[in-house]
Amino acid sequence: MSEVLDNLLYSEEHEWAQQGEGRVVRVGITDHAQHLLGDIVFVEFPEVGAAISAGDSVGSIESVKTVSELYSPVSGTVTKINDTLEASPELINDQPYSGGWIFELEISGEFAEAASGLLDAAAYRELIGE
């Protein structure tokens, strides 16, 4: 059974979004997604400074099984990547909701508006059948 945290919002593509300080949103992939991918060996990040829209493909995650697209759950400007993952991409498998976050972006408006198309924890559990 996958871990789904109640304080996050989720996309149907299995990314999570967490409101940070101010207009910062932290993004990663869900525990469910990392289980499906298997051992993660490489992360292609979005470019810092890039303006991205919700649903855009912004990078990829490579595992021993496959390569999967990484989508942004919200629109904004990329402000930071988790460069620890360059040397230790397996953190996504070990800590998908903490040390395995992938990037941060700054949204232009309020979080509730930017995240209006995302799923709460209950809806995400239903999506993944748990």
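Residues numbered from 1 in each chain as written. Predicted model: local features only at pLDDT ≥ 70, side-chain atom pairs only at ≥ 80, totals over all residues. Heavy atoms only, no water.

(A) A look at the UniProt feature "domain: Lipoyl-binding" (unreviewed entry) in the chain. As annotated by UniProt and renumbered to match this structure, "domain: Lipoyl-binding" (unreviewed entry) occupies residues 24–106. Structurally, residues 24–106 comprises 18% helix and 42% strand, and the distance from its first C-alpha atom to its last is 5 Å. (UniProt positions renumbered as here; feature names shortened; annotations may be inferred. Helix = DSSP H or I, 4+ residues; strand = E, 2+ residues; numbered from the N terminus.)

(B) Expanded view of the sheet that holds strand E7 (residues 67–71). With respect to topology, 3 strands assemble into an open sheet ordered E4-E6-E7, the strand pairing being antiparallel. Two strands close off the open sheet at either side, each with one partner strand: strand E4 (40–44) and E7. On average, each strand axis in the sheet is inclined to that of its neighbour by 25°, with strand direction left out of account. (Pairing = 2+ DSSP bridges. Axes fitted to C-alpha atoms, helices over the stretch in contact; angles between N-to-C directions.)

(C) How the structure looks around the sheet that holds strand E2 (residues 15–19). If you trace the 6 strands from one edge of the open sheet to the other, you get E1-E2-E3-E9-E8-E5, paired in antiparallel fashion. This sheet does not close on itself; its edge strands, each paired only once, are strand E1 (9–10) and strand E5 (51–52). One ladder, built from 2 bridges, connects E1 with E2; its direction is antiparallel. Across the sheet, residue Tyr-10 finds its bridge partner in E2, namely Trp-16.

(D) Spotlight on the pairing of strand E3 (residues 24–29). The pairing of E2 with E3 spans 5 bridges and is classified as antiparallel. Paired with Trp-16 across the bridge in E3 is Gly-28. Linking two consecutive strands that pair antiparallel, namely E2 and E3, is a turn of 4 residues; a positive phi of about 60° is found at Gly-22 within it. Examined bridge by bridge, E3 and strand E9 (residues 103–106) share 4 bridges and lie antiparallel to one another. Paired with Val-25 across the two strands is Leu-105, which belongs to E9.

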